[in-house]
Amino acid sequence: MSLDAPKDMAQERKAASFNIQALTYAWFGGREQYEKSQIAYDFIKNDPEIVVQAPRNILEFSREEMREFTMGQINRLARFSNDETQDREFVSEVCKSAFIYSESLALRIGVHEALFRNVIQMLGNKEQQEHWIPHINAYRVIGCFSMTELGHSSALRDLETTATYDIATDEFIINSPTITSTKWWIGMAGETATHTVTIAQTIIDGKNVGLNWFIVQVRDTLTGQVMPNIQAGDIGSKVGHQGVDNGWIQYNKARIPRTNMLAKWVSINRQGEFEPAPNPAVMYATLIPERFSLVQITLVLVTQALTIATRYGVLRRQGNKNQQIMDYQSHYVKLLPAIAFMYMVKNSFETLDKQFAVLTADGEMDHVVYLNHMGDMHAISASLKGLSGGYSTEILEICRRCCGGHAYSSYNGLGSLIGDWGVITTGGGDNVVLLQQSTRYLLYRLSQKLEMDEYPELKYQSSCHYLNFAQELLAKETWAVQEMSNCVKDLSLIEGALHAILVKRSLKEGSRHEDLLLESVRVAELHCAAFLFSDNARKFSSVSESKLDIGVTTIMRKMTALWGFHVLRTYGDQGYVEGFLSPKQMKGIEKEYLEICKSMRKDVIGLTDAFGLPDFVLKAPIAKYDGDIYQTYFETTLQAPGSVRVPPYHAELIKPLTKHFK
């Protein structure tokens, strides 16, 4: 078996129905971008400050070791980034490659840049940006993002931290009035951050004027000591992300200058005269990019898990005929839709990035444009995080089971990936709550259309665009398609079915909102799944018109069809209870779904190879690129500390039991 494994891997790559390298280029956004990433991977691979070198194994690190090593990575990348002789594009690629190697590093940098810096860029005025951004970019200050509290998560209206303006001293007094107001789960607050942006109920002249963001110094930049009237510490060991110092912060009437209130949308003068934001919603602007960034993290982690599971699946042989376990239907039918999902999300981020750019306008946000588009962007960002969170939980467990007992070994990476990923279901907003919020927006837009024939004019095609045709969709009593193979030829047939089901399931007359919470979760998931399908169908419906390699376009189109059937199969019960889908159609959907999966069995390695993940990033001997997994796995265990030894407790605890054996 061990001798056959490399041969099996080589054969799998030969069997792919497309050019694997061409698909890899497409995944990376072009050949040039792919080649830059490979140069960056080669650069970090042998750098001991960024990548742990053998015989040490990062998967064995204690919490303390992981914290120190991750901070060392940050220090190394900060020095590298501040080196003006380095090419800026190369610096960016090196950082991205390092983030894929280490999720703890990615999260800590993400807190500093994507959260701390982003809040100041989006909510700070020009003077604040000019003062703080250079310090942030150079790591002269290290920032964190203080939103959630011990008793409150992302339900911001209930936050208890206060910021009271003291007109006598021209300062804000930041205070944690209760134990539940303690800022909690704050990444980088445990040991590292010197500053934070904190959101607080703002009190001016005895009146609560709403939530605002404030810059607060947490630690001395020279000594690392916590600042006066502030307490901060680490929340201790977690299930994953041991390299991230999640912490807590309590304010005991800490004072900050009035000018530390972020003032792009609000203002307060020396006399305490306050000008509120044009709409309180602008203060939540940072939540949308945070959710998108969490979905990006999902892509990074789940693609690694899928690569490990698919490679092991084609190398492990078992059964009466000693066949590859990937040949079992119960194996490939679980993995292929998950792989397709990764491509759907990756491809749609190009669309979502363009849409979000309409809101942000490179930091020059117009509040009218922002408010007109925010509800729509909230709906798709919330539902995307919810759908990807729910399905990825399932995918990771599928990958673990597909690798059998070897997945339980820390050395094969899956346990670490699952631990690191787990926070995504609640970080940035609980997935269930986000999905319910998304459905609430859909219902609002649907009622506006049906009752008043109103729908907003947006600068892009909304994920909710189908609501414009709500009356026509409601008029379709049943789905006209009987031969499911026609849906593979014409993807719009699937799109029409998904949109009809969505509109029909959204109308629940006479029911209370609290009685529909579970159904609203599924409606929002289906809404997002339909968006991913529609967006990819627009890009890949016509093979002849695509600018991509014809083999790449063909497999992309096939994955889009697979995703469409996966969605119909998963959410078809929603159409069935409405009488839109018949039992015969449900059976037809199942049959076509299985046929597409079977036809793509030979492509599993090519599809995951295209993710472009080097062995040192995967950290899993059972997923070695060349297929030589068993020798590598055994050698990895031999390098483990104490792998072959008499344990130090032998004389005290073992020998007294066994010494009388004859």
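Keep in mind that this is a model prediction, so the values were computed, not measured.

Here is what the cut-offs are and how they apply
Residues numbered from 1 in each chain as written. Predicted model: local features only at pLDDT ≥ 70, side-chain atom pairs only at ≥ 80, totals over all residues. Heavy atoms only, no water. Helix = DSSP H or I, 4+ residues; strand = E, 2+ residues; numbered from the N terminus. Rg over C-alpha atoms; globule rule 2.2 N^0.38 Å. Buried < 20%, exposed > 50% of the residue type's maximum accessible area, 1.4 Å probe, protein only. Contact = heavy atoms within 4.5 Å. Areas by Shrake-Rupley, 256 points an atom, 1.4 Å probe, with all protein chains shown as cover. Lys, Arg positive; Asp, Glu negative; His and termini not counted. Charge placed at Lys NZ, Arg CZ, Asp CG, Glu CD. 1 Å grid on protein atoms, 1.4 Å probe; cavity = no way out; pocket = protein on both sides within 12 Å on 5 of 7 lines; lining within 4 Å. Points joined across faces, edges and corners; volume = space filled by probe spheres on them. Nonpolar A, V, L, I, M, F, W, Y, C, P; charged D, E, K, R; others polar.

### Let's talk about the overall build of the protein chain
And step 1. Scanning the protein chain for helices and strands turns up 22 helices and 13 strands.
And step 2. Scaling as 2.2 N^0.38, a compact globule of 662 residues should have a C-alpha radius of gyration of about 26 Å, and the protein chain matches this with 27 Å.
And step 3. The principal-axis extent of the C-alpha atoms belonging to the protein chain is close to 85 × 80 × 60 Å.
And step 4. Going through the 662 residues of the protein chain one by one, you find that 55% of them count as buried.
And step 5. When contacts within the protein chain are restricted to residue pairs at least 6 apart in sequence, those whose partners lie at least 24 apart make up 75%.
And step 6. When the accessible surface of the protein chain is totalled, it reaches about 29,400 Å², and 52% of it is carbon and sulfur.
And step 7. Computing the positive centroid from 67 side-chain charges and the negative centroid from 75, the protein chain places the two 6 Å apart.

### Thoughts on the layout of surface pockets
And step 1. Of the volumes computed, that of the second largest pocket is approximately 790 Å³.
And step 2. Every residue lining the second largest pocket is counted, 29 residues in all, and those nearest its centre are Val52, Ala54, Asp615, Phe616 and Lys619.
And step 3. Broken down by secondary-structure element, the contributors of at least two residues to the lining of the second largest pocket are α3 (31-45), α20 (615-618) and α21 (629-638).
And step 4. For the lining of the second largest pocket, the leading source of residues is α3, giving four residues.
And step 5. Of the residues belonging to the lining of the second largest pocket, the class tally is 14 nonpolar, seven polar and eight charged.

### A short note on the environment of Val119
And step 1. Structurally, Val119 is set in helix α6 (residues 103-123).
And step 2. Of the residues examined, Val119 reaches a relative accessible area of 0% and is grouped as buried.
And step 3. The sequence separation of Val119 and Ser416 amounts to 297 residues, and the corresponding C-alpha distance is 30 Å.
And step 4. The contact partners of Val119, leaving out residues within four places of it in the chain, are Gly124, Phe145, Val197, Trp213, Leu262 and Thr286.

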